[in-house]
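This is what each chain is made of:
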Amino acid sequence: MPCEMCGKSAPTRSVMIDGAKLEVCPECARFGDDYKALSSSQSSGQSTGGSRTVIEQRLERREKRMGTKDVYAQAKTVEVIENYGKTIREAREAKGMDLDAFSDSIREKKGTMAKIEANRLVPDDKLIKKIEKALDIKLLETVSSGAGQSTGGGSSGKMTLGDFIKKK
Ligand SMILES: [Zn+2]
């Protein structure tokens, strides 16, 4: 049976790699956890502390080995701006076009454009490109998703226990 990781014909065994069970050769088995050992150690509460760096090292090695990139690095996505409707409407009005003329000029239905300008319909990629070009505006922004974004405000932790007691 060929190894599922490197394709070499060799006696394989089952290992867990990133949560997936694979049949791999002894060489590739080093990159995973023994399948049976993993499932038994989950219940026995053995300390897995400090294993994170080992896993990270494994991922790095595996990435180099398999040539996969960007799977873990994609923290940024491109999204339509929040107030796209207003932006479109203002740009259209600045060009002196009413909704009819604008819809005609980009060959879209007036109803569709009205919904978009009311922020009720997010235009698809194709339409975004068309609108951006027609009005010379930008409707997309790069948003970095994931951790590290703390939205300030709403600090309700100022009230102490004493405040509650006084109110009684
Ligand atoms: Zn292999």
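Parameters at a glance
Residues numbered from 1 in each chain as written. Predicted model: local features only at pLDDT ≥ 70, side-chain atom pairs only at ≥ 80, totals over all residues. Heavy atoms only, no water. Donors = N, O, S within 2.8 Å, 3.2 Å for Na, K, Ca; no water. Tetrahedral: all angles 85-135°; square planar, octahedral: opposite > 155°, others 65-115°. Buried < 20%, exposed > 50% of the residue type's maximum accessible area, 1.4 Å probe, protein only. Core = buried A, V, L, I, M, F, W, Y, C linked by side-chain atoms within 4.5 Å. Helix = DSSP H or I, 4+ residues; strand = E, 2+ residues; numbered from the N terminus. Contact = heavy atoms within 4.5 Å. pLDDT = per-residue confidence, 0-100. Salt bridge = Lys/Arg side-chain N within 4 Å of Asp/Glu carboxyl O. Pairing = 2+ DSSP bridges.

Asker: When you look at the coordination of the zinc ion in this model, what are you seeing that I'm missing?
Answerer: Tetrahedral metal sites with four donors have an ideal angle of 109.5 degrees; octahedral sites with six donors have ideal angles of 90 or 180 degrees. Within the protein, the atoms that donate to the zinc ion are C3 (SG), C6 (SG), C25 (SG) and C28 (SG), at distances of 2.2 to 2.4 Å. If you look at the zinc ion, its four donor atoms make angles of 104 to 117° with each other, and the shape they trace is tetrahedral. With relative accessibility at 1%, the residue C25 sits in the buried group.

Asker: Please clarify how the nonpolar core should be interpreted in this entry.
Answerer: As a rule of thumb, nonpolar side chains are buried together in soluble globular proteins. I88, F102, M113, I131, L135, I137 and L139 are the most contacted members of the largest nonpolar core, which totals 15 residues. Contributing elements (two or more residues each) for this core: helix 4 (84-94), helix 5 (99-105), helix 6 (110-117) and helix 7 (125-135). With four residues, the single largest contributor to this core is helix 7. Not counting residues within four places of it along the chain, the set of residues in contact with M113 comprises L99, F102, S103, I106, E108 and I131. Membership of the second largest hydrophobic core comes to eleven residues, among which are V15, V24, C28 and A29.

Asker: Looking at this structure, I do not really get the confidence of the model for the chain. What am I missing?
Answerer: Where the model shows low pLDDT, its predicted coordinates should not be examined in detail. Of all residues in the chain, 67% have pLDDT values of 70 or greater, and the mean over the chain is 79. Contacts of residues 39-47 to residues separated by more than four positions or lying in other chains number one contact, the stretch itself having pLDDT below 50. With pLDDT under 50 throughout, residues 148-156 is counted as low confidence; its partners more than four residues away or in other chains account for one contact.

Asker: Can you help me understand the pattern of salt bridges in this one?
Answerer: A side chain of one charge can pair with a side chain of the opposite charge if their charged atoms are brought near each other. Under the defined criterion, the tally for this structure stands at six salt bridges. The salt bridge involving K110 is made with D100; its shortest N-O contact spans 3.6 Å. Placement of K110 in helix 6 and of D100 in helix 5 is noted, with a sequence separation of ten residues between them. Looking at K110, the relative accessible area reads 42%, which means it is partly exposed. Given a relative accessible area of 38%, D100 falls into the partly exposed group.

Asker: What should I look at first to understand the pairing of strand 1 (residues 13-17) in this one?
Answerer: Here is the key point about a regular strand: its side chains alternate between the two faces of the sheet. Bridging between strand 1 and strand 2 (residues 20-24) involves five bridges; their strand directions are antiparallel. Across the sheet, residue S14 finds its bridge partner in strand 2, namely E23. What sits between the antiparallel neighbours strand 1 and strand 2 is a turn of two residues, in which D18 has the positive phi angle 55°. For strand 1 and strand 3 (residues 33-34), the ladder comprises two bridges, and the chain directions are antiparallel. Residue pairing in the sheet places M16 in a bridge with D33 of strand 3.

Asker: Help me understand the sheet that holds strand 1, please; the structure alone is not making it clear to me.
Answerer: The pairing of strands in a sheet comes from backbone hydrogen bonds and takes either a parallel or an antiparallel form. Pairing within the open sheet is antiparallel, and its three strands lie in the order 2-1-3. At either margin of the open sheet sits one strand with a lone partner, and together these are strand 2 and strand 3.

Asker: Help me out: how do you make sense of the side chain of E117 in this one?
Answerer: One can find E117 in helix 6. Here E117 is in contact with G85, K86, I88, R89, R92, L99 and F102, once residues within four sequence places are set aside.

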